[in-house]
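Here is what each chain is made of, one letter per residue.
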Amino acid sequence: QVQLVESGGGLVQPGGSLRLSCAVSGSILNIYAMGWYRQAPGKQRELVAKISSSGSTNYADSVKGRFTISRDNARKTVYLQMNSLNADDTAVYYCNALIAGLGSGLRDYWGQGTQVTVSS
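Rules of the game
- Residues numbered from 1 in each chain as written.
- Predicted model: local features only at pLDDT ≥ 70, side-chain atom pairs only at ≥ 80, totals over all residues.
- Heavy atoms only, no water.
- Salt bridge = Lys/Arg side-chain N within 4 Å of Asp/Glu carboxyl O.
- Disulfide = S-S within 2.5 Å.
- Helix = DSSP H or I, 4+ residues; strand = E, 2+ residues; numbered from the N terminus.
- Buried < 20%, exposed > 50% of the residue type's maximum accessible area, 1.4 Å probe, protein only.
- Pairing = 2+ DSSP bridges.
- Axes fitted to C-alpha atoms, helices over the stretch in contact; angles between N-to-C directions.
- Contact = heavy atoms within 4.5 Å.

Trainee: Quick rundown of the pattern of salt bridges? Include the residues and the values.
Mentor: Taken as a whole and judged by the stated rule, the model has 5 salt bridges. Between Asp72 and Arg75 there is a salt bridge whose closest N-O contact spans 3.3 Å. Salt bridges sharing common partners tie together Arg38, Glu46, Arg66 and Asp89.

Written out as structure tokens, the structure is:
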């Protein structure tokens, strides 16, 4: 069974930084695109950043220049370095990955979410 487990969320002051991690486990043949989404209270889930298997990235306009997505294919882990955080970044952050699982075909997987709160 494929699982995505996030870590690194928490409470941070405005202007501060956090680093989120998402590790993939289970019977996996290949991991394609990986990404981070977020959902603030009362709002729809939105894309924050995505990274392809070859390392190409794209970001939401609201986080460009502040957030950096990266991945370690050997560790089957994707990261989100978040700098210059502000209150608008407060949300539950979800990891997402397109994975070919052994016996489960190609499908999207989601992590359980990690809370990021930016507040003084």
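Trainee: I'd like to hear about the state of the cysteines, residue by residue, with values.
Mentor: A covalent bond between the sulfur atoms of two cysteines is what we call a disulfide. Applying the stated criterion to the full structure yields 1 disulfide. The side chain of Cys22 participates in a disulfide bridge whose partner is Cys95; the two sulfur atoms lie 2.1 Å from each other. For the disulfide bridge between Cys22 and Cys95, the dihedral angle about the S-S bond is near -80°, and by the sign convention the bridge is left-handed. Of this pair, Cys22 sits in strand E3 (residues 18-25) while Cys95 sits in strand E9 (residues 91-101), placing them 73 residues apart in sequence. A single burial state applies to Cys22 and to Cys95, both of which are buried.

Trainee: Before we move on, could you go through the sheet that holds strand E7 (residues 67-72) and cite the residues and values that matter?
Mentor: With antiparallel pairing, 4 strands are arranged side by side in an open sheet as E1-E3-E8-E7. Looking at the sheet topology across the chains shown, the edges are occupied by strand E1 (3-7) and E7. The sheet shows a mean angle of 15° between the axes of neighbouring strands, direction not considered.

Trainee: How would you summarise the side chain of Ser21 if you had to cite specific residues and measurements?
Mentor: One can find Ser21 in strand E3. Ser21 has contacts with Val5, Glu6, Ser7, Trp36, Thr77, Val78 and Tyr79, leaving out every residue within four places of it along the chain.

Trainee: Tell me about the environment of Pro14, and please be specific about residues and values.
Mentor: Its location among the elements puts Pro14 in the loop between strand E2 (10-12) and E3. Pro14 gets classed as partly exposed once you look at its relative accessible area, which sits at 48%. Each C-alpha atom of the pair Pro14 and Val63 lies 14 Å from the other, and the pair is 49 residues apart in sequence. Ignoring anything within four residues of it in the chain, the contact list for Pro14 reads Leu85, Val118, Ser119 and Ser120.

Trainee: So what's going on with the pairing of E3? Which residues, and what values?
Mentor: In terms of strand pairing, E1 meets E3 through 5 bridges, oriented antiparallel. Within E3, the position partnered with Leu4 by the bridge is Val24. The pairing of E3 with strand E8 (residues 77-82) spans 6 bridges and is antiparallel. In the sheet register, Ser21 faces E8, and the bridge partner there is Tyr79.

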